[in-house]
Structures are given as C-alpha cells and as structure tokens.
Amino acid sequence: MKSDLDLAKALARKAENDLKIARIAFEHDAPLDMVAFHAQQTAAKMLKALLASRGVDYPRTHDLRALINLATKEAPELERFRERLLPLNAYAVEMRYDDALDPDSEEVSNALSTSEELRDAVLDLLPPEARP
C-alpha cells in the first residue's frame, strides 16, 4: 500500500501530465473542450495531492467545490482560488455531454492559467518528498 506522500507524489505527477497535455493541445488548436477537461483535471489532482500529503481522506470526485472546501481547511491560503476554480467544474463531466457548454478560447486560457497558478501554490505547500 502506498504511503500518503507516495500517493500525493503520484497525484501531483498525474496533474503535471494533464497540464502538459492541456498546454500542448491549446497551442496546437486542439478541441477546446478537451483542453478544458485536462485543465480541470490538473486542479482536481493537485487539490487531492495536497489532501493526500496531509493524510486527509478525500472523496473520489471531480467536484472542485468539494475538494477546495477540504483543501482550505488544511491550507487556508488556497481560498483565493475558489472563485476561479468553480467554473472549471463544468469541464469535468457536463461539458463532455452537452455541446452548449463548450468553452471559448478565452475561457480555456483562463482555466489553464488558474490550473497553473494552483499547481504552483500547491507545490509550495507539498513536502519535498511529495513533489514530482
């Protein structure tokens, strides 16, 4: 069984992969819904990495509201991301089944920036052995 820090490191590494895919896809005019999905996944996995590193049980969910609620109990400084993260929730599930929810380029660019900034903030909070 993986330790909490091993799990945190694995989640952070997976988040990095999601972010790389999102950035490459965005720069090469890939479908924006897929870019947005990976931006959302980056945020979710980084929040889970923080929670895992602190030994906090978290739900198996894509819901950024639930994850940020838990994460801010451990790291109140992440509260500054709440309002920027919540719109990304639609990119996890609903958007994948409803064409009316397709984001535009500006929305996706904002989602990527939010995910990158959250990633940087969480990396600063992770112990060195939990960083990818």
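The rules behind each value
Along each chain, residue indices are assigned from 1 in the same order as the chain's sequence is written. Residues qualify for local features only when their pLDDT is at least 70, as the model is predicted, and side-chain atom pairs are given and counted only at 80 or more; totals for whole chains, interfaces and linings, by contrast, use all residues. Only heavy atoms go into the side-chain values, all of them from the structure, while hydrogens and water stay out. Site definitions follow a grid-based scheme: protein atoms alone, a 1 Å grid, a 1.4 Å probe that fits but cannot get out for cavities, and for pockets an open set with protein on both sides within 12 Å along at least five of seven lines, plus lining residues having an atom within 4 Å of a point. Grid points are joined across faces, edges and corners, and a volume is the space filled by probe spheres set on the points. In DSSP terms, a helix is any run of H or I states spanning at least four residues, a strand is any run of E spanning at least two, and both are numbered starting from the N terminus. When residue character is reported, Ala, Val, Leu, Ile, Met, Phe, Trp, Tyr, Cys and Pro are called nonpolar, Asp, Glu, Lys and Arg charged, and the others, Gly included, polar. For patch detection, residues must exceed 30% relative accessible area and be free of salt bridges, and they are connected within 9 Å for like charges or within 5 Å for nonpolar side chains (Val, Leu, Ile, Met, Phe, Trp, Tyr). Note on areas: these come from Shrake-Rupley sampling with a 1.4 Å probe, and a residue is covered only by the protein chains present in the view. Within this document, salt bridges are pairs made up of a side-chain nitrogen of Lys or Arg and a carboxyl oxygen of Asp or Glu, the two lying within 4 Å of each other. Residues counted as positive are Lys and Arg, residues counted as negative are Asp and Glu, and His and the chain ends are not counted. Charge positions come from single atoms, namely NZ of Lys, CZ of Arg, CG of Asp or CD of Glu. Buried means the residue's accessible area, taken with a 1.4 Å probe over protein chains only, is under 20% of the maximum for its type, while exposed means over 50%, and partly exposed covers the values in between.

## Comments concerning the layout of surface pockets
Put simply, the largest pocket is a space of about 190 Å³. The wall of the largest pocket is formed by L11, Q41, A44, K45, K48, Y58, R60 and H62. With 4 residues, the top contributor of residues to the lining of the largest pocket is helix α2 (residues 32-53). Looking at the lining of the largest pocket residue by residue, the class counts come to 3 nonpolar, 2 polar and 3 charged. By volume, the second largest pocket is sized at about 150 Å³. In terms of lining residues, the second largest pocket is bounded by 13 residues, among which P87, L88, Y91, E107 and A111 are the most central. Listed by contribution, the elements that provide at least two residues to the lining of the second largest pocket are α4 (82-85) and α5 (105-125). When residues of the lining of the second largest pocket are assigned to their parent elements, the largest contribution, 4 residues, is made by α5. Taken together, the residues that form the lining of the second largest pocket break down as 7 nonpolar, 2 polar and 4 charged.

## Comments concerning a positive patch on the surface
Among the surface-exposed residues, K2, K9, R13 and K14 lie close enough to one another that they form a single positively charged patch. As for its position among the elements, K2 is in the segment before α1 (4-27). With relative accessibility at 54%, the residue K2 sits in the exposed group.

Nothing here speaks to function; it is geometry throughout.
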